[in-house]
Amino acid sequence: MSVNMRFGPYGGRYVPETVIGALDELTEAYERYREDPDYLSELGVLLGHYVGRPTPLYRARRLEEAWGIDDGLWFKREDLCHTGAHKINNALGQVLLAKRMGKQRIIAETGAGQHGVATATASALVGLGCRVYMGRTDMQRQRLNVIRMRMLGAEVHPVDSGSGTLKDATSEAIRDWVTNVDTTHYIIGSAVGPAPYPEIVADLQSVIGIESRAQMLAETGRLPGSVVACVGGGSNAIGIFRGFLDDADVALVGVEAGGEGPSGRHGASLAQGRPGVLHGSYSYLLQDPDGQVAEAHSVSAGLDYPGVGPEHSHLRDIGRVSYVNATDEAALSAFLECSRMEGLIPALETAHALAHVRDGAATLRAAGPVLVCLSGRGDKDVDQAGAALGIDASA
Amino acid sequence: MPESGAERLEQVFRDAGGPLFVPYVMGGYPDIDASRRHAQILAKHADIIELGIPFSDPLADGPTIQAAGQAALDAGTRPSDVLDIAGELRDGPPVVVMTYFNTVIAQGAREFLGAAADKGVAGIIIPDLPVDEAAEVRDAARAAGVALIALAAPTTDDARMAEIGESAEGFVYLVAVTGVTGGEMTMDDRLRALVDRARRHIPVPVVVGFGVRTPDQAEQIGELADGVVIASEIIRRIRDAPDADSADAAVDDFGAGVAGALRP
Ligand SMILES: Cc1ncc(COP(=O)(O)O)c(C=O)c1O
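This one's a predicted model, so the numbers in the text were calculated from it and none came from an experiment.

J.: Would you mind showing me how to read the sheet that holds strand β4 (residues 73–77) of chain A here?
T.: What holds strands together in a sheet is hydrogen bonding between their backbones, with the strands either parallel or antiparallel. All names here are of chain A. In spatial order, the strands read β3-β4-β14-β9-β10-β13; together these six strands make up an open sheet with mixed pairing. Both outer strands of the open sheet, β3 (57–59) and β13 (321–327), are each paired with one neighbouring strand and no more. If you compare each strand with its neighbour and ignore which way they point, the axes differ by 30 degrees on average. In terms of strand pairing, strand β9 (residues 226–230) meets strand β14 (residues 370–374) through three bridges, oriented parallel.

J.: When you look at the pattern of salt bridges in this model, what are you seeing that I'm missing?
T.: Two side chains with opposite charge may pair up if their charged atoms get near one another. Under the counting rule described, the total for this entry stands at 51 salt bridges over all chains. For Glu25(A), the salt bridge identified is with Lys103(A), shortest N-O distance 3.5 Å. Taken together, the positions of Glu25(A) in helix α1 (residues 20–33) and Lys103(A) in the loop between α4 (87–100) and β5 (105–110) put the pair 78 residues apart, joining distant regions of the chain. Glu25(A) gets classed as partly exposed once you look at its relative accessible area, which sits at 33%. The buried category is assigned to Lys103(A), whose relative accessible area is 8%. Arg105(A) is the partner of Asp176(A) in a salt bridge, and the nearest nitrogen-oxygen pair spans 2.7 Å. Taken as a pair, Asp176(A) in helix α8 (residues 166–180) and Arg105(A) in strand β5 lie far apart in primary sequence, 71 residues in all. What makes Asp176(A) buried here is its relative accessible area of 6%. Linked through salt bridges whose partners overlap, the residues forming this network are Arg13(A), Glu17(A), Asp24(A), Asp132(B) and Arg160(B).

J.: Is there a simple way to think about the pairing of strand β8 (residues 227–230) of chain B in this case?
T.: Consecutive residues of a regular strand have side chains that alternate between opposite faces of the sheet. Residues and elements named next belong to chain B. Side chains of β8 alternate between two faces, with Gly227 and Val229 and Val228 and Ile230 buried alike. In the sheet, strand β7 (residues 206–209) pairs with β8 via two bridges, with the strands oriented parallel. Paired with Val207 across the bridge in β8 is Gly227. Once the chain exits β7 it traverses helix α10 (residues 215–222) before rejoining the sheet at β8, and the crossover so formed is right-handed.

J.: Where do I start with the interface of chain B and chain A in this structure?
T.: Interfaces are often sized by the accessible area lost when the parts come together. Taken together, the contacts link 33 residues of chain B with 32 residues of chain A. When the two sides are added together, the surface that chain B and chain A hide from each other amounts to roughly 2,600 Å², 50% of it contributed by carbon and sulfur. At the boundary of chain B with chain A, the tally comes to five salt bridges. Salt-bridge contacts for Asp290(A) lead to Arg78(B); the nearest nitrogen and oxygen are separated by 2.8 Å. Scanning the region where chain B abuts chain A turns up 17 residue pairs in polar contact (both at pLDDT 80 or more). The element contributing the most residues to the side of chain B that touches chain A is helix α5 (residues 101–107) of chain B, with five residues. Among the residues making up the side of chain B that touches chain A, the classes are represented as 18 nonpolar, eight polar and seven charged.

What counts and what doesn't
- Residues numbered from 1 in each chain as written.
- Chains lettered and ligands numbered in written order.
- Predicted model: local features only at pLDDT ≥ 70, side-chain atom pairs only at ≥ 80, totals over all residues.
- Heavy atoms only, no water.
- Pairing = 2+ DSSP bridges.
- Helix = DSSP H or I, 4+ residues; strand = E, 2+ residues; numbered from the N terminus.
- Axes fitted to C-alpha atoms, helices over the stretch in contact; angles between N-to-C directions.
- Salt bridge = Lys/Arg side-chain N within 4 Å of Asp/Glu carboxyl O.
- Buried < 20%, exposed > 50% of the residue type's maximum accessible area, 1.4 Å probe, protein only.
- Right-handed = clockwise from strand over helix to strand, strands pointing away.
- Contact = heavy atoms within 4.5 Å.
- Buried area = accessible area lost by both parts, 1.4 Å probe.
- Polar contact = N/O pair within 3.5 Å; in protein donor to acceptor, adjacent residues only side chain to side chain.
- Nonpolar A, V, L, I, M, F, W, Y, C, P; charged D, E, K, R; others polar.

Next up, the structure:
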C-alpha cells in the first residue's frame, strides 16, 4: 500500500534536495516492511514483551467524581510503556526499519527527552549508535532524561540556537541528516517533518487507538463520547484519534499548549497560527507576517513547538477534530490533582489534556464516557513541577 | 517585453567566456547599510550577485550563515529591505535572491515574486523547495519573469538530474558536498564525477557551491563548471573584521582575489 504524502493540502517534502533520495528510500522501505511478516512479528513481539503492550485501560474514579464526569473517565495508560511514554512505539518501529535499511547510525531530536530516551533505548536494543539533539533550555528542564539517555549510551548534543528548545533541536537534527544521510537514519519524534514521516509515525502510534477502541467496547460495551489528547507535534493524539476517525459520533479533542494565556506566549499552532512550512511540511505554524517562525512557549518541553503535524491541520480544517488549549497554570494544577487523587504523576504534556477534561467537563460530560490518552508519566518533570508548585525535598 | 530574468542570466553566461563568480551577501548582515555596501563592492568583481533574505530556520545552512541570518533578523531586517538592496544593484550584474520557502509563501508566491521582479531580481533560489514541490512557484516565477533556480546534490540520481534539467531556467546550483553550507569541499574524483554527471543531464549552465573557501578552490571548480558560489567564507571575513572599513576592504580584496583566479 502506498504511503500518504499529503493530508488535504498539508504535508509534502519541503527539504533540501540532498535528502530527497533518502526520503524516497524510506518511503519504499516502509511500503515494503509495513506488510512484511518478519518485520511485523519482530515488532509485535517487542511491543508485547519489551514495551508492555497492550497498555491497560484504567477508570479514574476519583477524578471522574471530582470533575463530574458521570459516564466515566478512562485513561489509556501509555505512561506504563517501557521508558514512560508513547514515544517508544514509534522509536522501536523505526529502529527496526533502520536496521533493515542497513543504516549504521541513528539520530533524533527531543524536547521533553521522552523521544530521546525511547530512541536511545531502541538503539541500544539493536546495537546502533545514537545521537540525540536537544535544546539547551530543555536539557536543563528535563535534566533527568538527559542522564537517562547518556546511561543508555546515546550522545546528547546540546543546541544553543534560537530559544534552545524543540524547534531548534529539530533543525539541527535535520542538518545532521543532510550531512550524514548515507549512513544515518533520522527518527523524528512526532507526526511532523517531511513525508513520509507524518504517516509512518501516525501508523506506528495508531496502536494506541486500535487497542483503546477495543478496550472501551470490552469494558463499557460502547464507544467513548469523546477522546482527548495533548498535541505537541501530535503523535500521541493522532495515534489515539486514528482508532476513532470513522466513528462520527465520537468527538475528538486535541489540547495544545496555552502557555501564559491569551495575551502571552504559547504553543497553540492550530488555534493561532496560519499555514506555512517548517521542518519539511506545510502545516499550521506560529509565524510573523514575513514568515519568520515565532518562538513558542510552554511549561512542558514536549508541547513547546511552533508547528504541528500536517494531518492535524487537515483534521482541523475539515472539522473532524476540535483543537483547544490549556495554560501552563491549568496544566500544573491538573498535574497535581491527578497525582493526589489517582496516585498517577502524569507528564506535564499529558497534564494539558487532563486540564481540558477538568475545565471542559460540562461539554465533554454531555457526550458520554471520556477517554484520555495518558501519554506519559511525570517522573521527568519532578524537578520543574516541584519548583513551580513549591514542592521540594528539604527536611 | 523586457528581457526575463532567465534570459538575462543566460546572457551573462554567454558573454563571460569563462567560469562565473557568484558571491553571496546576506541582506541585513551585519546591518542593512553594510550589506548594501558589500553587495556594491562585490558587484565590481562578480558576474551574478546572490543576495540572501534571512529566515529564522535555515535548514540548508551551517553555523556561519545561520548566525549571520539571525543577526540580520535581530537587527530588524525584513524581506522588503533586502529587495530594496536588489533594486539599487539594478545597473550591475544580475541579482539572484536566496531564501526559504516560508518567506515566499508568507506573502504569497505571486506577490513575492512580483515584488522581486519590480526590483529587477533575475532569479530566486529556494533550497527547501525540491523540484517535485515547485510547480506552483515555478508558474508564479515565470509569470513574474524571475528564473526559479533549481538545486542538485551529490545524492541526486541521474533520473532526477534529468528531471531537474527539464524545467531548469537560468542555471542549476549544484551542491558540492553532501551537507549544509559552511563546510569545506575537496576537489577529488568524486566531485569531478558529480559535475560531469550534472553537465550531462542538465542543459543549462551548472554553478557549483557549498564549501568553496579559497581562490584556488574556485579556480579548480572553474575548470569543470560554469561558475562558482562563495558564501560562508565571505561572511567569515566580514564577521572577523575589526571594524566596518576593514570589513569593506576584506570583501573587496577577497572578491578581487577570486575574480582574478577565475579569469587570469
Ligand atoms: C509524555 C508526552 N506526551 C506528549 C508529548 C507531545 O508529543 P506528541 O504531540 O507528538 O505526542 C510528549 C513529547 O515529548 C511527551 O513526552
